[in-house]
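Structural overview
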Amino acid sequence: MPKIITELPGPNARAYLEKSMKYEPQSMSDQVPLVWDRAEGCVIWDVDGNEFLDWSSGVLVTNVGHCHPYYVEQVKDQCDKLFNCYDFLTQPRADLAEKLVQIAPDHLDRAFLVTTGTDATEAAMRMARRAHEGFEIISFHGAFHGRTYGAASAAGSRGTKNGFGPMMTGFLHTPFPYFYRCPFGSETEEECGNKCIEFLDWTVERESCGALCAVITEPYQGGAGSIMAPKGFFETLDKWCKEKGIYFIFDEVQSSFGRTGKMFAMEHYDIKPDLVTLGKGLGSGVPCSAVLGTSAITDVLPPGSMGSTNGGNPLSSRAALAAIDIIQREGLVENSARMGELFKQRFEAIQQKHEQLGDIRGMGLVWGLEMVKDKASKEPDADFTRRIVLNAFHRGLCMIAPIGLFKNVLRVAPPLIITEEQVHETCDIFEAAFEEALQG
Ligand SMILES: Cc1ncc(COP(=O)(O)O)c(C=O)c1O
């Protein structure tokens, strides 16, 4: 169980928080005042020696657990050898490209390495535009693809755009099937998905200038509140793209490397995306991202048309190779699926007892818990949601700040090495934090 040995935040944490207030813009997300010192597996220690259990994985990054011994050993070994050599080839980069193509679905036969998720989004959209005569990119309301201008222009919420305009032209936006709050008031998930596809045609009819290039979507909308698409939606969307002769870009920056109980979320569906972006869990700590693509697209890029200072550097490539190795050797994809079922049962039991847990959405080890005033009205309750995160912090459970369009969704995303015992321990803490928040 976690151990809290000081008031929170403790004296050391308070000093660092003050330093940050003085020297940093406070533009980052508004997390609880946990100043991390070190972490191992699913356990975090703060700068005052308080011990917490982790439901964040950073932000769905450290899939193999914090500071896994094999991962640390591989990274340290690389530190003695080589950090950066620009676009000159190294063994780790060639090995990682090969590994990614080997574990990806057969039709994806190229891997392009970059550093951050938003780099991967930009690279995928640039590849699509370079290879296709069209330029228009369709994305979904609620989507999040990163914070650079291209990615922010593809976004479907104000989060990354507000006050940063103008955004880029050439983007069309259309509703995503958020069944709990279906924009069309649908009665069933299937109907919600179908209406969104119908509206996609409507959007294209009215907004396109006849130069469609690609559709980009997340397999589930993370930042918008872990919104899962209805069964069959992606298959229909994939078919729609193929009929229109445009590319299908699947943004798996967050959902890959076992997070959803499959190595890649695309494996849950019968689809063949043309470009797939990867990030977060790929490096599992050291920044690393990638675009998987078909050679028909990637091979139109001439030398010098796409690269980056840090993309595919030997340190991040080596870290990613170690992470994939651990995921495969330790059966973390299977563990993610199994532990996910346990979480689901625990959340459903809480939902049955309480009016405030309106919706539970998830797969593997990524869950969204949507909090409302009551199940009938579905009125979002952001204050209650925030109180749960704070209470959990004081009880030794680290949760990410609420997400979603109304800031009323809790994200549950522990490292994939979480054990059955830790699932129950953390759910007990969560339940106590939830019940405490009911007192106001
Ligand atoms: C689906 C998705 N795409 C892209 C990104 C951007 O990744 P990064 O923050 O590494 O640029 C994120 C980050 O949360 C994401 O969840």
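Residues numbered from 1 in each chain as written. Predicted model: local features only at pLDDT ≥ 70, side-chain atom pairs only at ≥ 80, totals over all residues. Heavy atoms only, no water.

1. Section: the site of the ligand
Neighbouring residues of the ligand: Thr-116, Gly-117, Thr-118, Phe-144, His-145, Gly-146, Arg-147, Glu-218, Asp-251, Val-253, Gln-254 and Lys-280. The separation between an oxygen atom of the ligand and a polar main-chain atom of Gly-117 is 2.8 Å. Within the contact set of the ligand, a nitrogen atom lies 2.7 Å away from a side-chain nitrogen or oxygen of Asp-251. Relative to its unbound accessible surface of 390 Å², the ligand loses 83% to contact with the protein. Taken together, the residues that form the shell around the ligand break down as two nonpolar, six polar and four charged. (Near = heavy atom within 4 Å. Polar contact = N/O pair within 3.5 Å; in protein donor to acceptor, adjacent residues only side chain to side chain. Areas by Shrake-Rupley, 256 points an atom, 1.4 Å probe, with all protein chains shown as cover. Nonpolar A, V, L, I, M, F, W, Y, C, P; charged D, E, K, R; others polar.)

2. What to know about the domain arrangement of the protein chain
Partitioning the protein chain into domains gives domain 1 (11-64 + 332-438) and domain 2 (70-329). Each of domain 1 and domain 2 was reduced to a C-alpha centroid, and the two centroids are 25 Å apart. The interface is formed by 36 residues belonging to domain 1 together with 30 residues belonging to domain 2. Across the interface of domain 1 and domain 2, roughly 2,700 Å² is buried in total on both sides, 59% from carbon and sulfur atoms. (Domains from an automatic or database assignment. Contact = heavy atoms within 4.5 Å. Buried area = accessible area lost by both parts, 1.4 Å probe.)

3. Some points on the sheet that holds strand β14 (residues 366-371)
Taken in spatial order, the three strands make up an open sheet running β13-β14-β16, and their pairing is antiparallel. Since the sheet does not close on itself, it has two edges, and those belong to β13 (357-363) and β16 (409-412), each with one partner. Shown here is a sheet whose adjacent strand axes are inclined to one another by a mean of 15 degrees, direction ignored. As paired elements, β14 and β16 share four bridges and run antiparallel to each other. Bridged to Leu-369 within β16 is Leu-410. The strands touched by helix α12 (residues 382-394) are β14 and β16; relative to β16, the strand with the most contacts, the crossing angle is about 30 degrees. (Pairing = 2+ DSSP bridges. Helix = DSSP H or I, 4+ residues; strand = E, 2+ residues; numbered from the N terminus. Axes fitted to C-alpha atoms, helices over the stretch in contact; angles between N-to-C directions.)

4. Remarks on the nonpolar core
Counting residues in each nonpolar core, the largest one holds 103 residues, and the members touching the most others are Leu-100, Phe-234, Phe-257, Leu-282, Phe-343, Phe-347 and Phe-430. No other element matches helix α10 (residues 314-329), which puts eight residues into this core. A domain split of this core shows at least three residues from each of domain 1 (11-64 + 332-438) and domain 2 (70-329). Other than its neighbours up to four places away in sequence, Phe-347 contacts Trp-55, Leu-357, Ile-360, Trp-367, Leu-369, Val-412, Cys-427 and Phe-430. (Core = buried A, V, L, I, M, F, W, Y, C linked by side-chain atoms within 4.5 Å. Buried < 20%, exposed > 50% of the residue type's maximum accessible area, 1.4 Å probe, protein only.)

5. Re the pairing of β14
By the criterion of burial, β14 is predominantly enclosed, with six of the six residues buried. Here β14 shows no split at all, with Val-366, Gly-368 and Glu-370 on one side and Trp-367, Leu-369 and Met-371 on the other all buried. Note: β13 against β14, six bridges, orientation antiparallel. Residue pairing in the sheet places Leu-357 in a bridge with Met-371 of β14. Taken together, β13 and the strand that follows it, β14, pair antiparallel across an intervening segment of two residues, in which Gly-364 is found at a positive phi of about 50 degrees.

6. Re unusual backbone geometry
In the segment running from Leu-8 into Pro-9, the intervening peptide bond is cis, with an omega of -10 degrees. Structurally, the position occupied by Pro-9 is in the segment before α1 (11-23). Cis geometry marks the peptide bond from Gly-165 to Pro-166, where omega comes out at 0 degrees. With respect to the helices and strands, Pro-166 occurs in the loop between α6 (149-154) and β6 (171-174). Here Leu-60, not a glycine, exhibits a phi torsion of approximately 60 degrees, which is positive. Phi is positive for Lys-407, close to 55 degrees, though the residue is something other than glycine. Within the secondary structure, Lys-407 sits in the loop between β15 (397-398) and β16.

7. Considering helix α5 (residues 117-131)
In this model, α5 (15 residues) spans 21 Å end to end at C-alpha, consistent with the 21 Å of a helix rising 1.5 Å per residue. Residues of α5 that are buried: Gly-117, Thr-118, Ala-120, Thr-121, Glu-122, Ala-123, Ala-124, Met-125, Met-127 and Ala-128. (Expected span 1.5 Å × (residues − 1).)

8. A short note on the confidence of the model for the protein chain
On average, the protein chain scores 98 in pLDDT, and the residues at 70 or more come to 100%. At the level of individual helices and strands, the protein chain shows its lowest average pLDDT in helix α9 (residues 295-298), which scores 97, and its highest in strand β11 (residues 275-278), which scores 99. (pLDDT = per-residue confidence, 0-100.)

9. As for the packing of aromatic side chains
According to the stated counting rule, one finds 20 aromatic pairs in the structure shown. Centroid distance Phe-176 to Phe-233: 5.9 Å. Interplanar angle 75 degrees. Geometry classified as edge-to-face. Of this pair, Phe-176 sits in the loop between β6 and α7 (189-207) while Phe-233 sits in helix α8 (residues 233-244), and the two are 57 residues apart along the sequence. By the burial criterion, Phe-176 is buried, and Phe-233 matches it. Measuring from centroid to centroid gives 6.1 Å for Phe-199 and Trp-202, while their planes differ by 25 degrees, and the two rings are stacked. Note that Phe-199 and Trp-202 are positioned in helix α7 at a spacing of three residues, about one turn of the helix. Owing to a relative accessible area of 27%, Phe-199 belongs among the partly exposed residues under this scheme. Through pairs of rings, three or more aromatic residues link up here, namely Trp-55, Phe-343, Phe-347, Trp-367, Phe-384, Phe-430 and Phe-434. (Phe/Tyr/Trp six-rings, centres within 6.5 Å; stacked < 30°, edge-to-face > 60°.)

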